[in-house]
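# Commentary on secondary and tertiary structure
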Amino acid sequence: MNESNSNALAKWMGDITSMTETIVPPVDIATRLALVRFDIHTPPPLATAIFQLNNGTTTHSRGNISAITAQAKAGKSALIAGLTAATIAPQPEKCDLLGFQAINPERLPVLLLDTEHSPEHHWRLCDRIFRRAGVGESELLHAYQLAGFGVKDLNAALDHLLDERKWFAVFLDGTGDFVADVNDPEECNFFVSRLHRLAIKHDSHLFNVLHLNPSSDFKSRGHLGSQLERKAETNLRIEKKDGVSLVYADKNRGADIPKDTGPRFLWSNEAGMHVSADSIDNDKRSATLDKLREQCSEAFRTANKTALHWSELVEALLRVPGVKSKRTAERIHTDAKENDIIH
């Protein structure tokens, strides 16, 4: 980093530190350490989960930061819409929330700071959030279109809004815009540490949305992406293939989200937004069951009977195209019986 950039960074960090200290008066290090020393007799609240997968796996909790990363146009905004809609939906069980559930019994509001979209596309994003949540509007969504704001103003806006009220969760859609240089370790380490501190102080969760490097399918932008990955509770990744966006996570503090079972969604012209697709496991299972039904139907048709003994069915299955051995026929019989295709 050259001298002018170094001076600019020092000034920016000084500005941010100054803004933070106007809210939290500085204390000596001994006092600060005393406040955070481990004490077995004062456990933190245990019910801190705020988002889960539909299968009940906790993905995000209060006092933490996380990352959502993907290549451009892979579905990051759609996932944000699903998560925010889950927060504000009065009847979430009737909504398509793209595989996630929010745990928001206090009905706290959610904050979305959008540095990525034009006013028109920002409006469309919020409209889809409301439609996905099944509401015409909601006071629980506070969204700000901040494209064009500079680094200092973005951080000032974040501090101001966090201090304004208690938030269920905060989404920074364009976290890279909150720093001057995503490749500067000093600046990015300071910023990520600041985000974590804010999440703890405000008892909320800060989502960070980042692009992947253009030449990589897994590395998020610059040192900022690397540092976020290290400090994040959950690293959601979105991979798009054949029009289907798959959400998975393999670098979490908690349970991973495997690709085979992760939420999937795709664009629907009829709905005018993304909709959930079945998990890959369900698709594979459905295809397998369909094939078993076809093979058994063909066996009964070939035998010209409505009921067959076990040995007769195995013999009939051997005449079904693609069934080349007695062992395969016996496996088909077993699988079909276990899945109530035959009795």
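Residues numbered from 1 in each chain as written. Predicted model: local features only at pLDDT ≥ 70, side-chain atom pairs only at ≥ 80, totals over all residues. Heavy atoms only, no water.

## Digging into the overall build of the chain
Regarding its fold elements, the chain presents 10 helices and 12 strands. Within the chain, the proportion of its 343 residues that are buried is 45%. Counting only contacts in the chain whose residues sit at least 6 apart along the sequence, the fraction spanning at least 24 positions is 62%. As presented, the chain carries roughly 18400 Å² of accessible surface, and 51% of it is formed by carbon and sulfur atoms. (Helix = DSSP H or I, 4+ residues; strand = E, 2+ residues; numbered from the N terminus. Buried < 20%, exposed > 50% of the residue type's maximum accessible area, 1.4 Å probe, protein only. Contact = heavy atoms within 4.5 Å. Areas by Shrake-Rupley, 256 points an atom, 1.4 Å probe, with all protein chains shown as cover.)

## Side note on the pairing of strand E7 (residues 169-173)
For E7, a buried count of 5 out of 5 residues is recorded, marking the element as mostly surrounded by other parts of the structure. Both faces of E7 are covered, namely the face carrying Ala169, Phe171 and Asp173 and the face carrying Val170 and Leu172. In this sheet, E7 lies alongside strand E5 (residues 110-114) in parallel orientation, the contact comprising 5 bridges. What sits directly across from Asp114, in E7, is Asp173. Where E7 and strand E8 (residues 205-211) come together, 4 bridges link them in parallel fashion. Across the sheet, Asp173 pairs through a bridge with Val209, a residue of E8. Chirality of the crossover, the property in question, places the unit of E7, helix H6 (residues 185-201) and E8 among those that are right-handed. (Pairing = 2+ DSSP bridges. Right-handed = clockwise from strand over helix to strand, strands pointing away.)

## A short note on the pattern of salt bridges
Considering all chains together, one arrives at 15 salt bridges under this definition. The shortest N-O distance in the salt bridge between Asp159 and Arg194 comes to 3.2 Å. Highlighted residues: Asp159 in helix H5 (residues 151-164) and Arg194 in helix H6, separated in sequence by 35 residues. Of the two residues, Asp159 and Arg194, both sit in the buried class. As a salt-bridge pair, Lys251 and Glu229 come within 3.2 Å of each other at their nearest N and O atoms. Taken as a pair, Lys251 in the loop between strand E10 (244-248) and strand E11 (264-268) and Glu229 in helix H7 (residues 222-231) lie far apart in primary sequence, 22 residues in all. Lys251 sits in the partly exposed class, given a relative accessible area of 40%. Connected through salt bridges with shared partners, the residues Glu229, Arg237, Asp250 and Lys251 form a single ionic network. (Salt bridge = Lys/Arg side-chain N within 4 Å of Asp/Glu carboxyl O.)

## Quick word on the pairing of strand E9 (residues 234-241)
As paired elements, strand E3 (residues 64-70) and E9 share 4 bridges and run parallel to each other. Paired with Ser66 across the bridge in E9 is Thr234. Of the strand pairs in this sheet, E9 and E10 are connected by 5 bridges, and their pairing is antiparallel. Looking at the pairing, Arg237 lines up with Tyr248 of E10. In sequence, E9 turns back onto E10 through a hairpin of 2 residues, with Asp242 there showing a positive phi of about 55 degrees.

## A look at the nonpolar core
Ranked by internal contacts, the top residues of the largest apolar core, which has 41 residues, are Leu79 and Ile88. Top element by residues in this core is helix H3 (residues 76-88). It accounts for 8 residues. In this structure Leu79 touches Ile68, Leu98, Phe100, Leu236, Ile238, Val247 and Phe265, once residues within four positions along its chain are discounted. (Core = buried A, V, L, I, M, F, W, Y, C linked by side-chain atoms within 4.5 Å.)

## Things to note about the sheet that holds strand E4 (residues 100-102)
Sheet architecture is open: 3 strands sit in the order E2-E1-E4, paired in antiparallel fashion. In the strand order of this sheet, the two ends are held by strand E2 (58-61) and E4, each with one partner. Mean inter-strand twist for the sheet, computed between neighbouring axes without regard to direction, equals 25 degrees. For strand E1 (residues 49-53) and E2, the ladder comprises 3 bridges, and the chain directions are antiparallel. Directly across from Gln52, in E2, lies its bridge partner Thr58. On top of the sheet, H3 reaches E1 and E4; it is set at about 35 degrees to E4, its chief contact. (Axes fitted to C-alpha atoms, helices over the stretch in contact; angles between N-to-C directions.)

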